[in-house]
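Structural characterization, general
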Amino acid sequence: MDFNKLFERKHIDISSSKILLDMKTSFQSALGPVESARTCSQFLQLENFQEMFTLLWNSPAAHKCFEFKGPLSPMKVEDISKLFREEGNKFYKLGNFEEALKLYNLGIIMAPHPKLPFTSNNGQNGDGGKKGDEKGSSDFESLALGYANRSAIFFSLKDYKRCLVDIDLALKYGYPNHLRSKLIERKERCVKEQKKSRVDNFTIKSVNAKCPPKLARVNPDVPAFSSFLKVIHTQERGRHVVTTRDIPPGEVLAVDSGYVSFIRYNQTMMQACSECLMRCEGQALPCPDCLTVFCSEDCRTKGLAGVHARECKILPYLMELQISDEEVCNAFRTIIHTTFRALREKLPVLQREAKELPPEKFGFDENGIYSSSDYRSVYHISAYNNKKPIVKLYNYCIIAFILTKILHRSKSFFIDELGNAFDPSDEDCIATGTALLYQFAHNSVFFEVSDMKVCTRTNKTDNQGIGSALFPSVWLIRHACNPNAAHYNIGSVRVVRSVMSIPKGSEVTLLYSEGYQHLPLSARKAFLQARGIKCSCQACRENWPTEAELPEDVKMKCVKCSDPIVEIDFKPACIGCNIQYAKTSASQKDPTVRKFWSAVEEVTNAEHKYEKVLAKIGRGNELTRTDLQNISNFIIAMEKHVSLPCRAFCKTRTVMMQYFMRE
């Protein structure tokens with residue numbers, strides 16, 4: 001089925017991302033060559049973001065070339081909902097339940113939906129007990145039919161719990177009376193079958209469905225960090241994070257809930273929960289007004305009472321204008337995450353801090369706390385980022401202008417103390433546009449958020465990028481091409497864990513691009529320099545080869561000088577120390593030789609237990625804390641006794657990451 005063709009009637013292409021080029025061209029075309037050249041010339045002479053945005057905002061020609069003409073296309077379209085259901089019916093008859101489920105979900109999302117809370121005409125109520133829409137249940141028949149269709153899928157899959165939920169929703173939203181007997185019969189059969197079997201028929205497990213780990217002791221200064229991490233500042237390294245004790249592989253270093261996280265503005269928004277970022281193809285619950293979905297009533301309630309309440313009214317404008325450029329959306333969502341009143345109060349304070357505070361104090365509040373949920377930490381990330389060239393700033397200024405107009409028009413951002421929309425002054429709009437331009441200009445680091453699903457029967461994994469999130473505390477940890485820690489998401493939370501031993505006082509590092517295993521030094525340097533990142537890790541200093549270039553065999557280290565052991569006449573030896581490590585009756589009396597073979601035994605035993613963990617992963621078995629310890633012990637044994645880099649060490653750290661994702 002051609003997904004995009006169904007949306008041609010709405011004049012929306014939610015998969016395109018052409019704002020930077022098309023909008024600049026159309027904007028300059030509307031201004032005319034003379035006005036456009038004059039504006040560009042003036043822009044290049046300005047020194048700060050407020051002056052840049054004010055120049056454009058005060059231009060009558062700019063406002064004239066971007067006006068709202070006529071109503072926006074509706075987000076919910078009954079005809080399109082019907083087309084999705086009909087396509088789903090075709091796959092259902094063929095027994096392709098997976099494809100049918102996706103299409104039924106889309107049919108539910110596109111169906112007109114009542115405001116929440118909602119009480120049906122027949123008295124069924126699952127949204128709070130109050131009537132929230134003047135229309136009767138029959139006005140939402142398309143929604144009811146979608147839920148009924150989806151309940152048939154769940155019944156066929158023997159997922160009786162979900163089937164019952166969808167049947168109740170179908171009845172609640174006005175399932176046709178002449179078809180109800182069939183639905184009631186399915187419900188009765190469902191209840192009987194549910195009593196017979198308590199087996200969980202779904203074997204697909206989502207990483208995002210589990211709870212993130214908790215820190216044993218929280219850092220008093222940076223609550224997202226463990227107590228044994230410390231933020232320091234040096235002239236050579238700038239601000240970075242070190243440990244205050246020895247850290248073994250596998251330990252939780254940070255758990256960051258972040259400042260903002262969100263689903264991408266494309267098809268993903270119909271497949272993953274806007275609140276917790278978990279994929280929910282199984283039983284998506286739609287936003288009543290837009291194409292966003294939630295995985296549960298709890299998430300939907302939180303979303304509709306939180307940031308999504310503002311975003312929901314803005315989304316139709318973004319889709320109509322085909323705005324899905326991720327860099328633009330990241331900055332936009334960062335700004336609307338807070339209210340205009342809070343933004344207006346904070347900006348003068350933050351601007352003053354940027355001028356007066358030393359860099360090591362950026363992001364910390366008056367009590368010395370660095371909180372990821374505070375916009376202060378987001379604003380000051382820019383101090384460590386590479387700024388955009390002036391030409392790109394002009395492009396971003398145009399986009400900030402357009403988005404500020406959208407925020408004004410949506411009546412969801414400029415809200416007073418009583419929650420009522422007000423008409424913002426030019427000063428209010430300039431403050432908002434300047435904040436947007438600031439976010440565009442300073443490339444705040446957004447992490448990709450993905451959801452990995454693991455099938456416990458086949459052990460196959462499906463990892464899909466679904467959105468982005470900003471984690472200011474994690475961003476304090478600097479990059480290394482050979483990092484000693486790794487980071488991953490569980491829903492909208494970022495977890496950092498050690499993947500190597502980290503001695504007391506050593507810097508904690510993460511990988512923010514391709515590591516030495518996959519890219520040679522020259523390519524890594526070019527990539528990092530373009531982003532203003534310098535790396536001086538061991539892999540870069542010594543120009544380590546990529547993983548593919550490393551030999552398969554493991555080379556032990558000399559117990560005296562740590563040089564790699566070589567074989568001379570098939571006997572292990574250290575050329576530098578002139579020591580023969582061959583096992584003979586005479587050599588066994590040498591304590592250096594005995595120490596070497598003790599190290600070999602330690603590595604061999606650790607590797608044997610590690611291979612058992614690999615076998616469990618291959619069979620799709622559940623992993624335990626003992627398995628993590630066995631992976632950790634093999635890493636420690638190689639750090640102590642094996643010459644690095646080596647391919648086995650690379651693979652073992654990768655396996656540890658697999659454990660983190662599956663534990």
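These notes cover the structure that comes with them. (Residues numbered from 1 in each chain as written. Predicted model: local features only at pLDDT ≥ 70, side-chain atom pairs only at ≥ 80, totals over all residues. Heavy atoms only, no water.)

Remarks on the overall build of the chain
Along the backbone of the chain there are 22 helices and 16 strands. Taking contacts inside the chain between residues at least 6 apart in sequence as the whole, the part at least 24 apart equals 69%. Counting every atom, the chain has about 31400 Å² of accessible surface; 50% of that belongs to carbon and sulfur. (Helix = DSSP H or I, 4+ residues; strand = E, 2+ residues; numbered from the N terminus. Contact = heavy atoms within 4.5 Å. Areas by Shrake-Rupley, 256 points an atom, 1.4 Å probe, with all protein chains shown as cover.)

Looking at the sheet that holds strand β12 (residues 493-498)
The 3 strands are arranged β4-β12-β11 in an open sheet whose pairing can be described as antiparallel. Each edge of the open sheet is held by one strand with a lone partner, namely β4 (252-256) and β11 (485-490). Pairs of neighbouring strands in the sheet enclose a mean axial angle of 20°, with direction left out of account. Sheet analysis places β4 next to β12, joined by 4 bridges and oriented antiparallel. Paired with Val-252 across the strands is Arg-497, a residue of β12. (Pairing = 2+ DSSP bridges. Axes fitted to C-alpha atoms, helices over the stretch in contact; angles between N-to-C directions.)

Considerations on the environment of Lys-640
Among the structural elements, Lys-640 can be located in helix α21 (residues 625-641). As a C-alpha pair, Lys-640 and Glu-602 span 38 residues in sequence and 10.0 Å in three-dimensional space. The contact partners of Lys-640, leaving out residues within four places of it in the chain, are Lys-557 and Glu-602.

Notes on the sheet that holds strand β14 (residues 566-568)
What the 3 strands build is an open sheet, ordered β14-β15-β16; its pairing is antiparallel. Edge positions in the sheet fall to β14 and β16 (579-580), since each has one partner strand and no second. Direction of pairing for strand β15 (residues 571-574) relative to β16: antiparallel, over a ladder of 2 bridges. Residue pairing across strands places Ala-573 opposite Gln-580, the latter belonging to β16.

Examining the packing of helix α8 (residues 160-172) against helix α9 (residues 180-196)
Here α8 crosses α9 at 155°, and the two axes come no closer than 10 Å. In terms of orientation, α8 lies roughly antiparallel with respect to α9. Our pair here, α8 against α9, has a crossing hand that is left-handed. Along the contact surface, α8 presents Tyr-160, Lys-161, Cys-163, Leu-164, Ile-167, Asp-168, Ala-170 and Leu-171, while α9 presents Arg-180, Leu-183, Ile-184, Arg-186, Lys-187, Cys-190, Val-191, Glu-193 and Gln-194. A breakdown of the residues in the contact of α8 with α9 according to their chemical character gives 10 nonpolar, 1 polar and 6 charged. (Parallel < 35°, antiparallel > 145°, perpendicular 65-115°, else oblique. Left-handed = near helix turned anticlockwise from the far one by under 90°. Nonpolar A, V, L, I, M, F, W, Y, C, P; charged D, E, K, R; others polar.)

Considering the pattern of salt bridges
The tally for this structure, following the rule as stated, stands at 16 salt bridges. Where Asp-159 meets Arg-162, a salt bridge forms, and the shortest distance between an N and an O atom there is 3.5 Å. We classify Asp-159 as buried; its relative accessible area is 12%. Its salt-bridge partner being Arg-333, residue Glu-311 comes within 2.4 Å of it at the nearest N-O pair. Residue Glu-311 is located in helix α11 (residues 307-320), and its partner Arg-333 is located in helix α12 (residues 326-336); the two are separated by 22 residues in the primary sequence. In terms of burial, Glu-311 and Arg-333 fall into one category: buried. Among the charged side chains, a salt-bridge network with shared partners connects Glu-353, Asp-374 and Arg-376. (Salt bridge = Lys/Arg side-chain N within 4 Å of Asp/Glu carboxyl O. Buried < 20%, exposed > 50% of the residue type's maximum accessible area, 1.4 Å probe, protein only.)

Description of the environment of Cys-429
You can see Cys-429 is positioned in helix α16 (residues 426-441). The buried category is assigned to Cys-429, whose relative accessible area is 1%. For the pair Cys-429 and Lys-405, spaced 24 residues apart in sequence, the C-alpha to C-alpha distance is 8.2 Å. Sequence-distant contacts of Cys-429, defined by excluding residues within four places in its chain, comprise Phe-53, Trp-57, Thr-404 and Pro-424.

A word on unusual backbone geometry
Residues Leu-644 and Pro-645 are joined by a peptide bond in cis, for which omega reads 5°. Assignment of secondary structure puts Pro-645 in the loop between α21 and α22 (647-662). The phi dihedral of Asn-578 falls on the positive side, at around 55°, and the residue is not glycine. Overall, Asn-578 belongs to the exposed group, its relative accessible area being 68%.

Things to note about the pairing of strand β2 (residues 229-234)
The pairing of β2 with strand β3 (residues 238-243) spans 6 bridges and is antiparallel. The partner of Leu-229 across the bridge, within β3, is Thr-243. Connecting β2 to the next strand, β3, in antiparallel fashion are 3 residues.

Some details on the side chain of Ser-372
You can see Ser-372 is positioned in the loop between α13 (340-356) and α14 (375-379). Assessed through its relative accessible area of 7%, Ser-372 is described here as buried. One polar contact links Ser-372 to Asp-256, side chain to side chain, over a distance of 2.9 Å. The contacts of Ser-372, once residues within four sequence positions are left out, are Asp-256, Gly-258, Tyr-259, Ser-377, Pro-472 and Ser-473. (Polar contact = N/O pair within 3.5 Å; in protein donor to acceptor, adjacent residues only side chain to side chain.)

Points about helix α20 (residues 591-619)
Between its first and last C-alpha atoms α20 spans 43 Å; for 29 residues at 1.5 Å apiece the expected length is 42 Å, and the two agree. Those residues of α20 lying buried are Val-593, Phe-596, Ala-599, Val-600, Val-603, Ala-606, Tyr-610, Val-613, Lys-616 and Ile-617. Here α20 starts with a cap whose side-chain oxygen sits 2.9 Å from the backbone nitrogen of Thr-592, and that cap is Asp-590. (Expected span 1.5 Å × (residues − 1).)

Focus on α13
Helix length check: α13 (17 residues) gives 25 Å between terminal C-alpha atoms against 24 Å at 1.5 Å per residue, within 8%. A bend of about 30° at Lys-346 is the largest found in α13, and the proline Pro-348 appears one to four places after it. Those residues of α13 not exposed but buried are Phe-340, Ala-342, Leu-343, Leu-347, Leu-350 and Glu-353. Packed against the buried residues of α13 are α12, α14 and α16. (Bend = angle between axes of the 7 residues up to and from the residue.)

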